[in-house]
Amino acid sequence: MDFRLNDEQRLFRETLRSFVDREIVPVARDWEHEGRYPTEIVQGMRDLGLFGLAVPEEYGGLAADTVSFALTFEEISRGWMGIAGILGSHSVSCWMIARHGTDEQKQRYLPELATGERRTAIALTEPGAGTDLQSITTTAKKDGDDYVVRGTKMWITNARHADPLPVLVKTDPGASPAHRGMSMLLVEADSPGLEITKDMGKLGYKGTESCEVVLDDVRVPASQLLGGVEGRGLQQALSSLETGRINIAARSVGIAQRAYEESLAYARERSAFGQPIGDFQAVQLRLSAIAVKLQAARLMTYWAASRMDEGVRMDTESGMAKIFASDAALECATDAMRIHGGYGYSTEFEVERLYRDAPLMSIGEGTNDMLGTVVARSLLAGKATIG
């Protein structure tokens, strides 16, 4: 049993940490408050090859192991969680195309996705269907050599930059069970009838857009059906969300790490009643609680990532890591705000952004309540064991 990163992973983390400290940390607070899109940071991630994290080497990608994948989102989220969202949706979609796409689809898209010349996303959620994806109402009707797509998607990260945009649709709305009639279509950005209608206002998760996407009789060639076979869209989406949950767990660790760093520095520097506040037991207890939750979340996330690298099905492990780490992120951000006192509520300090970013982690890639039932059902069915 070895809890250490290998030499390659350590070097990768050092490179990421240097990039984040140099290019993200100094500008994150100001750019977020200005609503400025982080174009320069995106270019920096392209230069590091990070858009190819989930792309096989034969298509020019990094083909990163899952622990290195997690390290990427941890380190970037330590600087600014919203930036990790730009890379997260892209990587989940790349993984899905690489695993489920036809040879032609892989050749067409993956080389440019690996460099960031193209970017992508994944359009699952609708105004009336989030966690319950089988309730989507977006339809794709076959018409000759095309599908005609009609519907609305909501909360789509990277929507304004996605080309292609994988869209979950119902090709057979009457199928029972519903998932047998669901498919994934790769919709290109210049398709007539595809419109990004608005950016959704958000409490946190700034830096990347989350959009409403309207598909008004969009014609999509049948060759754009992911994998070339109807009825596999939900399975394709759910398999990719296993990596997405590692992504969210790792982002949560990054938020918690920054909460720890800011709290430790403030406890040493801030004085009250003639002494550093770190000398007070109440502050010490909050600081130690942050450290304990942070390290436990990190180890659980790396454990789930390493299980994926072993090639086993790990929906239980990724779900557990996502639940624990996202809860820890919110608790650590809250304790960091309390350690900072009134300054924790100020936009001039980092912790208020952490406090706004953390709640999304318990919602994204499946709510924690839903994932709790997934984990429990796996345990009850004997598909997963603990101990």
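Summarised in this report is the structure supplied together with it. (Residues numbered from 1 in each chain as written. Predicted model: local features only at pLDDT ≥ 70, side-chain atom pairs only at ≥ 80, totals over all residues. Heavy atoms only, no water.)

Turning to helix 3 (residues 39–47), a few remarks are in order. For helix 3, every residue scored as buried is listed here: Ile41, Val42, Gly44 and Met45. What you see down the axis of helix 3 is that its buried residues fit within an arc of 160°, all on one side. In this structure, helix 3 carries Thr39 and Asp47 as exposed residues pointing more than 90 degrees from its buried face. Looking at the residues trailing helix 3, positive phi occurs at Gly49, about 80°. (Buried < 20%, exposed > 50% of the residue type's maximum accessible area, 1.4 Å probe, protein only. Helix = DSSP H or I, 4+ residues; strand = E, 2+ residues; numbered from the N terminus. Arc of directions from axis to C-beta.)

What follows covers helix 4 (residues 66–100). Residues three or four positions apart in an α-helix share a direction because the helix packs 3.6 residues into each turn. Between its terminal C-alpha atoms helix 4 stretches only 18 Å, short of the 51 Å expected from 35 residues at 1.5 Å a residue. Among the 35 residues of helix 4, 33 are classified as buried, and the element is accordingly described as predominantly covered. With a side-chain oxygen lying 3.1 Å from the backbone nitrogen of Val67, the N-terminal cap of helix 4 falls on Asp65. (Expected span 1.5 Å × (residues − 1). Polar contact = N/O pair within 3.5 Å; in protein donor to acceptor, adjacent residues only side chain to side chain.)

On to the packing of helix 6 (residues 233–269) against helix 8 (residues 315–340). Helix 8 packs onto helix 6 with a crossing angle of 20° between their chain directions and a minimal axis gap of 8 Å. Here helix 8 runs roughly parallel to helix 6, going by the angle between their axes. The two elements helix 6 and helix 8 meet at a crossing, and its hand is left-handed. For the contact of helix 6 with helix 8, the per-class residue count stands at 15 nonpolar, five polar and five charged. (Axes fitted to C-alpha atoms, helices over the stretch in contact; angles between N-to-C directions. Parallel < 35°, antiparallel > 145°, perpendicular 65-115°, else oblique. Left-handed = near helix turned anticlockwise from the far one by under 90°. Nonpolar A, V, L, I, M, F, W, Y, C, P; charged D, E, K, R; others polar.)

What follows covers the pattern of salt bridges. Between side chains of opposite charge, pairing is possible as soon as their charged atoms come close. Considering all chains together, one arrives at 29 salt bridges under this definition. Between Arg353 and Glu350 there is a salt bridge, with its nearest N and O atoms 2.7 Å apart. With respect to class, Arg353 is no different from Glu350; both count as buried. Because the salt bridges share partners, they merge into one network encompassing Arg17, Asp21, Glu75, Arg78 and Glu261. (Salt bridge = Lys/Arg side-chain N within 4 Å of Asp/Glu carboxyl O.)

Turning our attention to unusual backbone geometry. A negative phi angle is the norm for most residues apart from glycine, just as the trans form is the norm for most peptide bonds. In this chain, Asp163 is followed by Pro164 through a cis amide linkage whose omega measures 15°. Here Pro164 is to be found in the loop between strand 2 (146–157) and strand 3 (165–170). Cis geometry marks the peptide bond from Ser176 to Pro177; its omega dihedral reads -5°. Mapped onto the elements, Pro177 comes out in the loop between strand 3 and strand 4 (182–187). Even without being a glycine, Tyr205 presents a positive backbone phi close to 55°. For Tyr205, a relative accessible area of 9% translates into the label buried. Look at Glu365: it is not a glycine, yet its phi comes out positive at around 60°. Position of Glu365 relative to the elements: it lies in the loop between helix 9 (351–357) and helix 10 (368–380). Residue Glu365 is classed as partly exposed on the basis of its relative accessible area, which comes to 21%.

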